[in-house]
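# Chain and residue survey
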Amino acid sequence: SAVLSGDLQGPLGASSGSGHVTLHPADGGTRVAYTYDVVISGKATAVGGRLLDGATRVLVKQFFQRLVALTEGGEMPKEHLSWWQRLLKLLGIAS
């Protein structure tokens, strides 16, 4: 298992977070399980606390989807591209 953690302080507030990652043997592979906790304070929370909570869930999920895809030796399937990557591709800015 591994623990990832970090914090940030800025003019709009502060945040800290940690994630606990565990690997378990599974049928023909490895199961990746994780838990995380993020604490946000300051003006950012007052204005967009609920939005930040949803964005955190999306980003953490994308991180682990990419981690699993890369460790399997493949590339990210198109359905796992972030909304930003899909938008850039749709606009012809990214490949």
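Conventions we followed
- Residues numbered from 1 in each chain as written.
- Predicted model: local features only at pLDDT ≥ 70, side-chain atom pairs only at ≥ 80, totals over all residues.
- Heavy atoms only, no water.
- Helix = DSSP H or I, 4+ residues; strand = E, 2+ residues; numbered from the N terminus.
- Contact = heavy atoms within 4.5 Å.
- Buried < 20%, exposed > 50% of the residue type's maximum accessible area, 1.4 Å probe, protein only.
- Pairing = 2+ DSSP bridges.

### Quick notes on the environment of Y34
Along the chain, Y34 turns up in strand β3 (residues 29-41). As for Y34 and G73, which are separated by 39 residues in sequence, their C-alpha atoms are 21 Å apart. Not counting residues within four places of it along the chain, the set of residues in contact with Y34 comprises H20, V21, V60, K61 and F64.

### Some details on the side chain of T56
Within the secondary structure layout, T56 lies in helix α1 (residues 43-71). Not counting the four nearest positions on each side in its chain, T56 is found in contact with Y36 and V38.

### Things to note about the pairing of strand β1 (residues 2-10)
The buried count for β1 comes to zero of nine residues, which makes it a mostly uncovered element. Pairing of β1 with strand β2 (residues 13-26), which is carried by nine bridges, proceeds in the antiparallel orientation. Note that in β2 the partner of L8 across the bridge is S15.

Read these as spatial facts, not as claims about activity.
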